[in-house]
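# Working through the structure, step by step
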Amino acid sequence: MRSTFVLLCVLCSQTLASPAADAVDVLASAVFAPGDQLYGIATIELPLANPIIGQAPRPLTVSSDSGRVFYPVSEDVEARIVPPSERPVPQPGNGRLLGRLGNLLREITDKDAPTSQIVARRATFLFKGDTPLRVRVADGLGEVGEYELKPTRDATVYRVALARWWNTYAANAKEQIDAGDYPPWVESYLVAMLSGRTDNALPTWFTETKEQGDPLWATLEYLGGAETVTQEVFRRTAAGLTDVNLPAKQRHDAAAMVALPEGPKWKAPTLGPIDDSVVTEPIATRVPPECFYLRFGQFSNYLWFLDLAEEYGGDVGRMIKLRGTEVQSTAQFQRQISVKINQLSRTLGPTVVLDQAVIGRDLFTSDGASMGVILKSANAFLLRSSLSSDRSNRARGDEAVTLKTVKIAGRDVSFLSSADNSVRSFLAEDDGYFLITNSKTLVRRFFEVGQSGESLAATDSFRLSRSLVPTTRDDTIFAYFSPEMLQGLVSPQYLIELRRRSRAESDVALVHLARLAATAEGVTADGDWGLGVEELIETGFLPLSFGNRSDGSGVISVGDQVIDTLRGVRGTFVPIADIEIESVTRQEFDWYTRIANEYSERFPQIDPIIVALRRDDIPGDDTLERISIHAEIAPLTPEKYGKWAKQLGPPTSVAMRFAPDDIVSVQAHVASAQIGPPTHLFAGIKDTFPPAPDQFDGILKTYWALRELPAYLGAWPQPGALDRLPLGLGRGRPVGPGMSKLLGGLYRYSGGGFSVLSFQPEILNATLPFLEATDVGQPATARGRVGSLLGSQLEGWVNNELYQNAAQASRAGAEFLNLFSEQLHVGPDEAIEQVTLVLGVPLQCPLGGQYEYDPIEKRWRSTAWSGNEPLATPPADYVAPLLNWFRGGRFTMTQYSDRLVADVEITVARGAGDGY
């Protein structure tokens, strides 16, 4: 193939610091196919005199002052390393045979030795224009060389080079997507757009769909905002694979639309007797039954929760890890309803608010949830005056925000709003209760419940929950998810609109990306507002079907913002509860009907969920507090939850006593045909440095990793499953009193009703003296404990694993910015701003640093790195977010015939998130 290239015998002048510095003759080509083509294809290959082994050099980058270089991709050309066992036997003498023997031994013993080497580096890119083209190639450490390409026309060479570029480009995009911790909109858009503009088929991974899988699982993914679902929706929208793949001008025919399908055929739960004396709190009498209910009770509880969130930048999820993007859903919702707890509110709150609860139809806070805050006033005049004053000041301080009075259910309601829906706040008052919400539907139901008395508090399910978790517990937070609320999430209105808004969000991101791509290729509009949607479709930067929506909505541009005409700006879409759906496409009808039928047959009842959280100070230590979480599913229908629920044995007060150096321990009472009668299974992990998770990849690696794991697995009373194995495999060879060695190096102890397994006999010997089945008085089905990691050997292991995960995501974030700048020709001074517009949220470094552009190396990096890469091991001052606050915890889970109960107790260090 190289004989077809235009050969440029150019020696690299780069220093030895660059892996490409050892390149010999450079091979390059620039070729067009005969006919009318958008792009030419060019390749520059740098053979290496000294192959690179055991390291991954930085990708090559290609640039040109002419602006004619587009969509470059770098790849390394590898060759297999011939092992010593396959090389010819050398002639004897001068120690050659001994050297070969040594190499053979190393080959046998070194399982991780490289099997390939990089023998050349290649950069391939598209270009425009048929005049000579001068380009610069760099490798991240500096410039490799500058080359002049003279385009030729050759259909065969063009076809081969274009196919190789496309395969590499799509594979690199998939690799970047898998490594990143951010929405992969840029990579997915580029693959979809370039597939259309270069007539290359989409890769298999791009067109994969899960919509035809298990409907119940697919529904849960939609409701949970699973990234696999949102990514699939974006890919299909970007590629024009929508419900009706027609040009946008060919709108949906109203006659082809059908009525909204019916929802699942729900069955009422069977409730036991409920004591008439059950006490429910007054504020629950103003909550519609179809809403979730998150009660804080005292105003100080709400402030505690806000302070906890603010310690971690408004995102409680940062207590576990930093994501690749900055989650702003809590602050965004507060801005939308124009309610923020300021210092004045902290002062007045306890004197004017008796009780407080957050209610809503859903928790889709990243899109625009149907939520609100109910306040029970202690002084209605003061509370009304404070809220009204805040709203008036908000309207006066922003020309885009208006304040007016609207009629809802025949009542006057204050409405604070902006045209793009970033501010949408209703304030309703009724009999001393105040509701602040972004949903008109919630306001209407608030008034209706106040009139009819058909509230959440009046439902049997809620009264049952308060008999199980009474108000006298004085919980810091009490959360209740009613069957009506959970059923509402699966209603046709909710699921179909949720599916539609996923595509609406994709449309917004696609317009931003299409404009950047068009500008990069020099396709611009005459005005100041950039190319419109129709122009972007006509020039091939958006698919023909773009904007072909069944609900008649679309996107418009207002300055830098792209806004959905029905839903508003991303992040604060009109709540789903306020969206009216009159008709759907046949495809939407069939998609939802399949889901509804599955629920009717397999999951006709949805059980309510109760979660109660209480915080307590720890006497003698004002830096710690104890968080207790009590959760119940009641009433419970175990048959719906499949085989796992049937594997659990009855609750028992018998629990295992573990060795004091077991930092992690779990146990469960199980009953299955394989094990035999109800048995206690238990496991413990010693406080030491375990194997890395990547050692568990593959059967052999897993086996060797388990041999090193300082853990044991046991059962009591001794199950007969091991003894029933054929050929006596479960009994093994006796090696001591009660101890036997099984096939594969596994040790087993049998005695006192116990059967305990471990790969390390010393682990068994150190554990057995402490193992004991004791009666703890409190029945449970499963129990577990994790000791405080602070100062433990496991702390270093956990810190290292979390650091490695964050470092990989940080590196991927920087590579994403490199890709964004290189592929879309976005300058470093505007890259961060443009990325935020595309993703809808700011990019953040998972290591806690800031991304910055290095003008010398012309690459993005993070201030959290040491040099050009994250350190291979955590720096001395690095502490993973989880380890900042976690000081140990324990849990129990109990399955009764009619309910499932879980209790979790965690010791927390407060103020630990200040550094984040």
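Residues numbered from 1 in each chain as written. Predicted model: local features only at pLDDT ≥ 70, side-chain atom pairs only at ≥ 80, totals over all residues. Heavy atoms only, no water.

## Describing the environment of Ile53
Relative to the helices and strands, Ile53 resides in the loop between strand S3 (40-52) and strand S4 (61-63). As for Ile53 and Pro114, which are separated by 61 residues in sequence, their C-alpha atoms are 7.0 Å apart. Discounting residues that sit within four places of it in the chain, Ile53 has contacts with Ile81, Pro114, Ser116 and Gln117. (Helix = DSSP H or I, 4+ residues; strand = E, 2+ residues; numbered from the N terminus. Contact = heavy atoms within 4.5 Å.)

## Focus on the pattern of salt bridges
Summed over all chains, the structure comprises 46 salt bridges. With a shortest N-O distance of 2.9 Å, Arg323 and Asp181 are connected by a salt bridge. Of this pair, Arg323 sits in the loop between helix H7 (299-311) and helix H8 (329-336) while Asp181 sits in the loop between helix H2 (155-179) and helix H3 (185-198), placing them 142 residues apart in sequence. In this structure Arg323 comes out as partly exposed when scored by relative accessible area, which is 28%. In this structure Asp181 comes out as buried when scored by relative accessible area, which is 13%. A salt bridge links Glu497 to Arg501; the nearest nitrogen and oxygen atoms lie 3.4 Å apart. In this pair, Glu497 and Arg501 are both assigned in helix H14 (residues 492-520), 4 residues apart and thus about one turn of the helix distant. Taking relative accessible area as the criterion, Glu497 reaches 1% and is therefore assigned buried. Salt bridges linked by common partners bring Glu497, Arg501, Asp507, Arg549, Asp551, Asp564 and Arg567 together as one network. (Salt bridge = Lys/Arg side-chain N within 4 Å of Asp/Glu carboxyl O. Buried < 20%, exposed > 50% of the residue type's maximum accessible area, 1.4 Å probe, protein only.)

## Brief notes about the sheet that holds S4
Spatial ordering of the open sheet is given by S4-S7-S8, a layout of 3 strands whose pairing is antiparallel. Looking at the sheet topology across the chains shown, the edges are occupied by S4 and strand S8 (143-149). Within the sheet, the average angular offset between the axes of one strand and its neighbour, ignoring direction, is 25°. Relative to strand S7 (residues 133-138), S4 is paired through 3 bridges, and the arrangement is antiparallel. Paired with Thr61 across the two strands is Ala138, which belongs to S7. (Pairing = 2+ DSSP bridges. Axes fitted to C-alpha atoms, helices over the stretch in contact; angles between N-to-C directions.)

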